[in-house]
Amino acid sequence: MAVEHPVTAPSGDQTRIHNIGYRSYDGPRLGRSYATRSLYSQSLRGAYGLGRSVKSKVLPMLLFVVMCVPAAIMVAVAVATKANDLPVDYTRYAIIMQAVISLYVASQAPQSVSRDLRFKTVPLYFSRPIETADYVRAKYAALASAMFVLTAAPLIVLYVGALLAKLDFADQTKGFGQGLVSVALLSLLFAGIGLVIASVTPRRGFGIAAVIAVMTISYGAVSTLQAIADAQGSGSAIPWIGLFSPITLIDGLQSAFLGASSAFPGAVGPNNGEGVVYVLAVLGLIAACYGLLLRRYKKVGL
(Lines give C-alpha, C1' and ligand atoms only; values in the text may rest on other atoms or scores of the structure.)
Protein backbone atom coordinates (compact mmCIF):
# COMPACT_ATOMS: atom_id res chain seq x y z
CA MET A 1 0.00 0.00 0.00
CA ALA A 2 1.48 3.35 -1.15
CA VAL A 3 2.06 6.01 1.44
CA GLU A 4 1.32 9.56 0.41
CA HIS A 5 3.78 12.16 1.61
CA PRO A 6 2.50 15.65 2.25
CA VAL A 7 3.76 18.33 -0.14
CA THR A 8 5.82 20.85 1.74
CA ALA A 9 6.01 24.46 0.56
CA PRO A 10 9.43 25.73 -0.45
CA SER A 11 11.18 27.56 2.31
CA GLY A 12 11.28 31.31 1.78
CA ASP A 13 9.86 33.33 -1.08
CA GLN A 14 11.75 32.38 -4.30
CA THR A 15 9.65 34.48 -6.66
CA ARG A 16 11.78 36.50 -9.08
CA ILE A 17 10.70 39.28 -11.41
CA HIS A 18 13.17 39.98 -14.20
CA ASN A 19 12.80 43.36 -15.87
CA ILE A 20 14.32 43.03 -19.33
CA GLY A 21 12.66 46.10 -20.77
CA TYR A 22 14.47 49.03 -22.36
CA ARG A 23 15.67 51.92 -20.27
CA SER A 24 15.54 55.51 -21.31
CA TYR A 25 18.90 57.06 -22.20
CA ASP A 26 20.10 59.55 -19.59
CA GLY A 27 23.51 60.38 -21.09
CA PRO A 28 24.52 63.42 -23.15
CA ARG A 29 22.75 63.99 -26.45
CA LEU A 30 25.35 65.20 -28.94
CA GLY A 31 22.89 66.19 -31.67
CA ARG A 32 23.08 66.78 -35.41
CA SER A 33 26.51 68.37 -35.58
CA TYR A 34 28.17 65.41 -33.88
CA ALA A 35 26.32 62.92 -36.09
CA THR A 36 27.31 64.88 -39.20
CA ARG A 37 30.96 65.04 -38.13
CA SER A 38 30.95 61.31 -37.40
CA LEU A 39 29.51 60.54 -40.83
CA TYR A 40 32.11 62.81 -42.45
CA SER A 41 34.96 61.15 -40.54
CA GLN A 42 33.73 57.65 -41.30
CA SER A 43 33.27 58.46 -45.01
CA LEU A 44 36.70 60.10 -45.26
CA ARG A 45 38.39 57.10 -43.66
CA GLY A 46 36.43 54.79 -45.93
CA ALA A 47 37.70 56.65 -49.01
CA TYR A 48 41.14 55.21 -48.24
CA GLY A 49 39.92 51.89 -46.87
CA LEU A 50 40.77 52.76 -43.26
CA GLY A 51 38.70 50.73 -40.81
CA ARG A 52 37.79 48.29 -43.56
CA SER A 53 39.28 45.09 -44.97
CA VAL A 54 42.77 44.93 -46.47
CA LYS A 55 41.22 44.40 -49.89
CA SER A 56 39.43 47.74 -49.62
CA LYS A 57 42.72 49.55 -48.94
CA VAL A 58 44.60 48.26 -51.99
CA LEU A 59 43.20 50.43 -54.78
CA PRO A 60 43.00 53.83 -53.03
CA MET A 61 46.45 53.43 -51.47
CA LEU A 62 47.89 52.27 -54.79
CA LEU A 63 46.45 55.28 -56.59
CA PHE A 64 47.83 57.55 -53.86
CA VAL A 65 51.31 56.09 -54.41
CA VAL A 66 50.96 56.42 -58.18
CA MET A 67 50.10 60.10 -57.73
CA CYS A 68 53.16 60.78 -55.55
CA VAL A 69 55.87 58.68 -57.22
CA PRO A 70 56.24 60.86 -60.36
CA ALA A 71 56.56 63.95 -58.15
CA ALA A 72 59.32 62.25 -56.14
CA ILE A 73 61.13 61.30 -59.36
CA MET A 74 60.91 64.88 -60.64
CA VAL A 75 62.34 66.18 -57.37
CA ALA A 76 65.19 63.65 -57.51
CA VAL A 77 66.04 64.69 -61.06
CA ALA A 78 65.91 68.40 -60.18
CA VAL A 79 68.23 67.87 -57.20
CA ALA A 80 70.64 65.62 -59.12
CA THR A 81 70.92 67.94 -62.11
CA LYS A 82 70.91 71.11 -60.00
CA ALA A 83 68.09 72.49 -62.16
CA ASN A 84 66.89 76.07 -61.80
CA ASP A 85 63.25 75.02 -61.76
CA LEU A 86 61.02 71.97 -61.45
CA PRO A 87 60.23 70.00 -64.62
CA VAL A 88 56.47 70.59 -64.17
CA ASP A 89 54.54 73.56 -62.78
CA TYR A 90 52.42 72.94 -59.69
CA THR A 91 49.26 73.84 -61.60
CA ARG A 92 50.07 71.37 -64.38
CA TYR A 93 50.61 68.29 -62.26
CA ALA A 94 46.94 67.41 -61.71
CA ILE A 95 46.20 67.93 -65.41
CA ILE A 96 48.93 65.46 -66.33
CA MET A 97 47.68 62.93 -63.77
CA GLN A 98 43.99 63.41 -64.55
CA ALA A 99 43.56 59.74 -65.56
CA VAL A 100 44.59 58.59 -62.07
CA ILE A 101 42.33 61.20 -60.45
CA SER A 102 39.36 60.10 -62.57
CA LEU A 103 39.98 56.46 -61.64
CA TYR A 104 40.05 57.38 -57.95
CA VAL A 105 36.73 59.24 -58.21
CA ALA A 106 35.19 56.37 -60.15
CA SER A 107 36.23 53.85 -57.49
CA GLN A 108 35.40 55.84 -54.35
CA ALA A 109 32.23 57.79 -55.21
CA PRO A 110 30.14 54.60 -55.58
CA GLN A 111 31.77 53.16 -52.46
CA SER A 112 30.64 56.25 -50.55
CA VAL A 113 26.96 56.28 -51.54
CA SER A 114 25.99 53.23 -53.61
CA ARG A 115 26.34 50.81 -50.68
CA ASP A 116 23.90 52.88 -48.62
CA LEU A 117 21.41 52.74 -51.47
CA ARG A 118 21.91 49.05 -52.12
CA PHE A 119 21.44 47.95 -48.51
CA LYS A 120 18.73 50.58 -47.88
CA THR A 121 20.50 52.13 -44.91
CA VAL A 122 19.79 55.75 -45.88
CA PRO A 123 16.46 55.88 -43.98
CA LEU A 124 18.32 54.62 -40.90
CA TYR A 125 20.58 57.68 -41.03
CA PHE A 126 17.53 59.93 -41.12
CA SER A 127 15.97 58.15 -38.15
CA ARG A 128 18.66 59.84 -36.06
CA PRO A 129 19.01 63.60 -35.53
CA ILE A 130 20.45 64.05 -39.01
CA GLU A 131 18.71 65.55 -42.02
CA THR A 132 19.09 65.23 -45.76
CA ALA A 133 21.33 68.29 -46.02
CA ASP A 134 23.58 66.93 -43.26
CA TYR A 135 24.01 63.60 -45.04
CA VAL A 136 24.78 65.27 -48.39
CA ARG A 137 27.22 67.75 -46.85
CA ALA A 138 29.06 65.02 -44.96
CA LYS A 139 29.40 62.75 -48.01
CA TYR A 140 30.33 65.61 -50.35
CA ALA A 141 32.88 67.09 -47.95
CA ALA A 142 34.40 63.66 -47.23
CA LEU A 143 34.99 62.74 -50.87
CA ALA A 144 36.23 66.26 -51.73
CA SER A 145 38.63 66.11 -48.76
CA ALA A 146 39.88 62.68 -49.82
CA MET A 147 40.49 63.98 -53.32
CA PHE A 148 42.26 67.05 -51.99
CA VAL A 149 44.59 64.77 -50.03
CA LEU A 150 45.21 62.75 -53.20
CA THR A 151 45.97 65.79 -55.37
CA ALA A 152 47.74 68.01 -52.81
CA ALA A 153 50.15 65.34 -51.51
CA PRO A 154 52.30 65.30 -54.69
CA LEU A 155 52.37 69.09 -54.69
CA ILE A 156 53.77 68.98 -51.17
CA VAL A 157 56.41 66.53 -52.38
CA LEU A 158 57.31 68.92 -55.21
CA TYR A 159 57.42 71.92 -52.87
CA VAL A 160 59.58 70.25 -50.23
CA GLY A 161 61.90 68.93 -52.93
CA ALA A 162 62.16 72.39 -54.50
CA LEU A 163 63.18 73.87 -51.16
CA LEU A 164 65.73 71.11 -50.63
CA ALA A 165 67.11 71.86 -54.10
CA LYS A 166 67.43 75.49 -52.97
CA LEU A 167 65.19 76.88 -55.70
CA ASP A 168 63.79 80.38 -55.32
CA PHE A 169 61.60 80.38 -52.21
CA ALA A 170 59.20 83.13 -53.33
CA ASP A 171 58.55 81.61 -56.76
CA GLN A 172 58.06 78.12 -55.37
CA THR A 173 55.73 79.31 -52.62
CA LYS A 174 53.63 81.27 -55.10
CA GLY A 175 53.41 78.31 -57.47
CA PHE A 176 52.58 75.95 -54.61
CA GLY A 177 49.75 78.21 -53.43
CA GLN A 178 48.33 78.44 -56.97
CA GLY A 179 48.50 74.67 -57.27
CA LEU A 180 46.59 74.19 -54.01
CA VAL A 181 43.81 76.53 -55.18
CA SER A 182 43.60 74.62 -58.46
CA VAL A 183 43.36 71.15 -56.89
CA ALA A 184 40.85 72.41 -54.30
CA LEU A 185 38.49 73.48 -57.09
CA LEU A 186 39.21 70.24 -58.97
CA SER A 187 38.39 68.19 -55.86
CA LEU A 188 35.05 69.94 -55.33
CA LEU A 189 34.08 69.61 -58.99
CA PHE A 190 35.10 65.98 -59.46
CA ALA A 191 33.62 64.89 -56.12
CA GLY A 192 30.28 66.48 -56.96
CA ILE A 193 30.08 64.92 -60.41
CA GLY A 194 31.13 61.51 -59.11
CA LEU A 195 28.60 61.51 -56.27
CA VAL A 196 25.72 62.63 -58.50
CA ILE A 197 26.41 59.82 -60.95
CA ALA A 198 26.96 57.20 -58.21
CA SER A 199 23.78 58.20 -56.36
CA VAL A 200 21.65 57.20 -59.33
CA THR A 201 22.36 53.47 -59.02
CA PRO A 202 22.73 51.14 -56.02
CA ARG A 203 25.06 48.93 -58.07
CA ARG A 204 28.65 49.85 -57.39
CA GLY A 205 29.91 48.35 -60.65
CA PHE A 206 27.47 50.40 -62.69
CA GLY A 207 28.48 53.51 -60.78
CA ILE A 208 32.18 52.94 -61.46
CA ALA A 209 31.57 52.39 -65.16
CA ALA A 210 29.33 55.46 -65.44
CA VAL A 211 31.81 57.79 -63.72
CA ILE A 212 34.70 56.54 -65.88
CA ALA A 213 32.59 56.96 -69.00
CA VAL A 214 31.58 60.54 -68.17
CA MET A 215 35.13 61.61 -67.27
CA THR A 216 36.97 59.92 -70.12
CA ILE A 217 34.44 60.38 -72.92
CA SER A 218 33.95 64.08 -72.18
CA TYR A 219 37.70 64.71 -72.05
CA GLY A 220 38.35 62.68 -75.20
CA ALA A 221 35.55 64.40 -77.14
CA VAL A 222 36.62 67.89 -76.05
CA SER A 223 40.30 67.22 -76.82
CA THR A 224 39.41 65.89 -80.26
CA LEU A 225 37.19 68.86 -81.11
CA GLN A 226 39.85 71.29 -79.89
CA ALA A 227 42.47 69.58 -82.08
CA ILE A 228 40.15 69.82 -85.08
CA ALA A 229 39.48 73.51 -84.40
CA ASP A 230 43.22 74.17 -84.11
CA ALA A 231 43.94 72.33 -87.37
CA GLN A 232 41.29 74.38 -89.17
CA GLY A 233 42.62 77.65 -87.82
CA SER A 234 39.63 78.27 -85.54
CA GLY A 235 41.67 79.06 -82.45
CA SER A 236 38.97 81.30 -81.01
CA ALA A 237 36.65 78.29 -80.62
CA ILE A 238 39.13 76.27 -78.56
CA PRO A 239 38.40 77.94 -75.18
CA TRP A 240 34.64 77.61 -75.67
CA ILE A 241 34.92 73.90 -76.46
CA GLY A 242 36.86 73.46 -73.21
CA LEU A 243 33.72 74.28 -71.22
CA PHE A 244 32.33 70.79 -71.82
CA SER A 245 34.77 68.65 -69.85
CA PRO A 246 35.58 68.77 -66.11
CA ILE A 247 39.36 68.60 -66.51
CA THR A 248 39.47 71.20 -69.29
CA LEU A 249 37.28 73.46 -67.16
CA ILE A 250 39.94 73.42 -64.44
CA ASP A 251 42.68 73.84 -67.05
CA GLY A 252 41.02 76.90 -68.55
CA LEU A 253 40.24 78.47 -65.16
CA GLN A 254 43.77 78.17 -63.85
CA SER A 255 45.34 79.37 -67.09
CA ALA A 256 43.09 82.45 -67.02
CA PHE A 257 43.50 83.44 -63.37
CA LEU A 258 46.32 81.42 -61.75
CA GLY A 259 49.07 82.10 -64.27
CA ALA A 260 49.22 78.48 -65.43
CA SER A 261 50.23 77.46 -68.92
CA SER A 262 47.33 76.04 -70.92
CA ALA A 263 47.25 72.45 -72.17
CA PHE A 264 44.85 73.41 -74.94
CA PRO A 265 46.09 72.91 -78.54
CA GLY A 266 48.34 75.78 -79.51
CA ALA A 267 48.33 76.88 -75.84
CA VAL A 268 45.20 78.88 -76.65
CA GLY A 269 43.81 79.42 -73.17
CA PRO A 270 40.81 81.60 -72.35
CA ASN A 271 41.26 85.33 -72.00
CA ASN A 272 39.98 87.23 -68.97
CA GLY A 273 36.43 87.51 -70.30
CA GLU A 274 36.29 83.85 -71.23
CA GLY A 275 37.94 83.02 -67.90
CA VAL A 276 34.99 84.57 -66.06
CA VAL A 277 32.74 82.16 -67.91
CA TYR A 278 34.97 79.30 -66.76
CA VAL A 279 34.72 80.45 -63.14
CA LEU A 280 30.94 80.70 -63.37
CA ALA A 281 30.75 77.29 -65.04
CA VAL A 282 32.87 75.60 -62.34
CA LEU A 283 31.00 77.22 -59.45
CA GLY A 284 27.66 76.59 -61.15
CA LEU A 285 28.47 72.89 -61.65
CA ILE A 286 29.52 72.51 -58.01
CA ALA A 287 26.29 74.18 -56.83
CA ALA A 288 24.23 72.11 -59.28
CA CYS A 289 25.79 68.86 -58.06
CA TYR A 290 25.00 69.78 -54.47
CA GLY A 291 21.41 70.66 -55.39
CA LEU A 292 20.91 67.44 -57.33
CA LEU A 293 22.23 65.41 -54.40
CA LEU A 294 19.80 67.15 -52.04
CA ARG A 295 16.92 66.42 -54.39
CA ARG A 296 17.98 62.80 -54.82
CA TYR A 297 18.24 62.05 -51.10
CA LYS A 298 15.00 63.76 -50.21
CA LYS A 299 13.34 61.02 -52.27
CA VAL A 300 15.58 58.20 -51.05
CA GLY A 301 15.04 59.04 -47.39
CA LEU A 302 11.26 58.72 -47.58
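Scroll up to find the structure this text is about.
Notes on the structure in this doc start here. This one's a predicted model, so the numbers in the text were calculated from it and none came from an experiment. (Residues numbered from 1 in each chain as written. Predicted model: local features only at pLDDT ≥ 70, side-chain atom pairs only at ≥ 80, totals over all residues. Heavy atoms only, no water.)

1. A word on the pattern of salt bridges
Right, so step 1: By the definition in use, this model includes four salt bridges.
Right, so step 2: A salt bridge links Arg32 to Glu131, with the shortest nitrogen-to-oxygen separation between them at 3.7 Å. Placement of Arg32 in helix α1 (residues 31-46) and of Glu131 in the loop between α5 (122-126) and α6 (132-164) is noted, with a sequence separation of 99 residues between them.
Right, so step 3: Across the pair Lys139 and Asp116 runs a salt bridge, and its minimum N-O distance is 3.6 Å. With a gap of 23 residues between them, Lys139 in helix α6 and Asp116 in helix α4 (residues 98-118) connect regions that are remote in the sequence. (Salt bridge = Lys/Arg side-chain N within 4 Å of Asp/Glu carboxyl O. Helix = DSSP H or I, 4+ residues; strand = E, 2+ residues; numbered from the N terminus.)

2. Regarding the packing of aromatic side chains
Right, so step 1: Following the criterion strictly, the structure yields five aromatic pairs and no others.
Right, so step 2: Seen from their ring centres, Tyr48 and Phe64 are 6.3 Å apart, and the 85 degrees between their planes marks the pair as edge-to-face. Of this pair, Tyr48 sits in the loop between α1 and α2 (54-81) while Phe64 is found in helix α2, placing the two residues 16 residues apart along the sequence.
Right, so step 3: Judged by relative accessible area, Tyr48 falls into the buried class, the value being 8%.
Right, so step 4: Judged by relative accessible area, which is 25%, Phe64 ranks as partly exposed.
Right, so step 5: Three or more aromatic residues link up through ring pairs in this structure, and these residues are Tyr48, Phe64 and Tyr104. (Phe/Tyr/Trp six-rings, centres within 6.5 Å; stacked < 30°, edge-to-face > 60°. Buried < 20%, exposed > 50% of the residue type's maximum accessible area, 1.4 Å probe, protein only.)

3. Brief notes about the nonpolar core
Right, so step 1: If you look at the biggest cluster of nonpolar residues, it comprises 71 residues, and the most contacted ones within it are Leu158, Phe190 and Tyr297.
Right, so step 2: When sequence neighbours within four positions are dropped, the list of residues in contact with Leu158 reads Ala71, Met74, Val75, Leu86, Tyr90 and Tyr93. (Core = buried A, V, L, I, M, F, W, Y, C linked by side-chain atoms within 4.5 Å. Contact = heavy atoms within 4.5 Å.)

4. Looking at the side chain of Thr91
Right, so step 1: Residue position: Thr91 is located in helix α3 (residues 90-96).
Right, so step 2: Judged by its relative accessible area of 6%, Thr91 is buried.
Right, so step 3: Setting aside anything within four residues of it in sequence, one finds Thr91 in contact with Gln178, Gly179, Gln254 and Ala260.

5. Focus: α2
Right, so step 1: Between the first and last C-alpha of α2 there are 40 Å, a value that for 28 residues agrees with the 40 Å anticipated at 1.5 Å per step.
Right, so step 2: Here α2 has its buried residues at Ser56, Pro60, Leu63, Met67, Cys68, Ala71, Met74, Val75 and Ala78.
Right, so step 3: Those residues of α2 that are buried are in contact with α3, α4 and α6.
Right, so step 4: In the stretch just after α2, Lys82 is the one whose phi turns positive, near 55 degrees. (Expected span 1.5 Å × (residues − 1).)

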